[in-house]
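Structural description and commentary
Take a look at the letters that make up each chain.
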Amino acid sequence: MRRHVFRKAPDRREIALMLSALEKQAKEAASLADRAHGEASRDSYTAYFRFRAKVDEVQALVALIEERLGRMKDDQAEELREQFRRLDVAVLVMLVRTSTRFYALIGKSNALPLGARELFLPELRTLSEVRDRVTAQPEHAALQSTGLLEAVELALGMVEGLVARATSLPDFSQPGRR
């Protein structure tokens, strides 16, 4: 038996609440970004990866809001879409700037910790996704003129350099490597 699920269009109040939650999450991410920058100068990665975890939460909420806004009638949603775009752009800019500052500091370090390669590889994926979003979505065209695309490319280059320098975790699953 086939079940049909009918989803009602989201209402303005629901999306407004989600945007409020997004704004709160973005402020928390900004606070974590400041902390990450301070700790990176002391060769500590913990604060940066807390920041990245928060950004991942924010990006999940962004995806949910995008989906809901896509189902709203155009005449109802333009004000909400504009508020969403501002918050989305703020998060993207924060991510790129924080990543660039963090990786510039880490790049100056003579030694990277064991397993750093595994830490940095997901960053390449995330920054590539940001680059693709900025170039593919027309609403992000203004970001290209602000230098965000160049900053993403710079961050990608820094992370690629770190990945090339970093050692991998040893693979103890291979026979004879005990």
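Attention here is on the structure that accompanies the text. (Residues numbered from 1 in each chain as written. Predicted model: local features only at pLDDT ≥ 70, side-chain atom pairs only at ≥ 80, totals over all residues. Heavy atoms only, no water.)

**A short note on the environment of Lys 27**
Topologically, Lys 27 is positioned in helix 1 (residues 12–40). By relative accessible area, Lys 27 is classed as exposed at 57%. Sequence separation between Lys 27 and Ala 90 is 63 residues, and the spatial gap between their C-alpha atoms is 10.0 Å. (Helix = DSSP H or I, 4+ residues; strand = E, 2+ residues; numbered from the N terminus. Buried < 20%, exposed > 50% of the residue type's maximum accessible area, 1.4 Å probe, protein only.)

**Side note on the pattern of salt bridges**
Under the criterion given, the structure shown has 15 salt bridges. Between Arg 85 and Glu 78 there is a salt bridge, and its shortest N-O distance comes to 3.6 Å. Residue classification places Arg 85 among the partly exposed residues on the basis of a relative accessible area of 24%. A relative accessible area of 42% places Glu 78 in the partly exposed class. Bridged by salt links that share partners, the residues Glu 14, Glu 67, Arg 68 and Arg 71 form one connected network. (Salt bridge = Lys/Arg side-chain N within 4 Å of Asp/Glu carboxyl O.)

**Notes on the packing of helix 1 against helix 2 (residues 46–71)**
Interaxial distance between helix 1 and helix 2 falls to 8 Å at its minimum, and their mutual angle equals 160°. Comparing their axes, helix 2 and helix 1 come out roughly antiparallel. Judged by the sense of rotation from one axis to the other, the crossing of helix 1 with helix 2 is left-handed. Split into classes, the residues belonging to the contact of helix 1 with helix 2 amount to 20 nonpolar, one polar and eight charged. (Axes fitted to C-alpha atoms, helices over the stretch in contact; angles between N-to-C directions. Parallel < 35°, antiparallel > 145°, perpendicular 65-115°, else oblique. Left-handed = near helix turned anticlockwise from the far one by under 90°. Nonpolar A, V, L, I, M, F, W, Y, C, P; charged D, E, K, R; others polar.)

**What about the packing of helix 2 against helix 4 (residues 116–136)?**
What describes two packed helices is the angle between their axes and the distance between those same axes. Where helix 2 contacts helix 4, the axes come no closer than 13 Å and their chain directions differ by 35°. Helix 2 and helix 4 meet at a crossing whose hand is left-handed. Contacts from Tyr 48, Phe 49, Arg 52, Gln 59, Val 62 and Glu 66 of helix 2 reach helix 4 at Leu 119, Glu 123, Thr 126 and Arg 133. Tallied by class, residues from the contact of helix 2 with helix 4 come to four nonpolar, two polar and four charged. (Contact = heavy atoms within 4.5 Å.)

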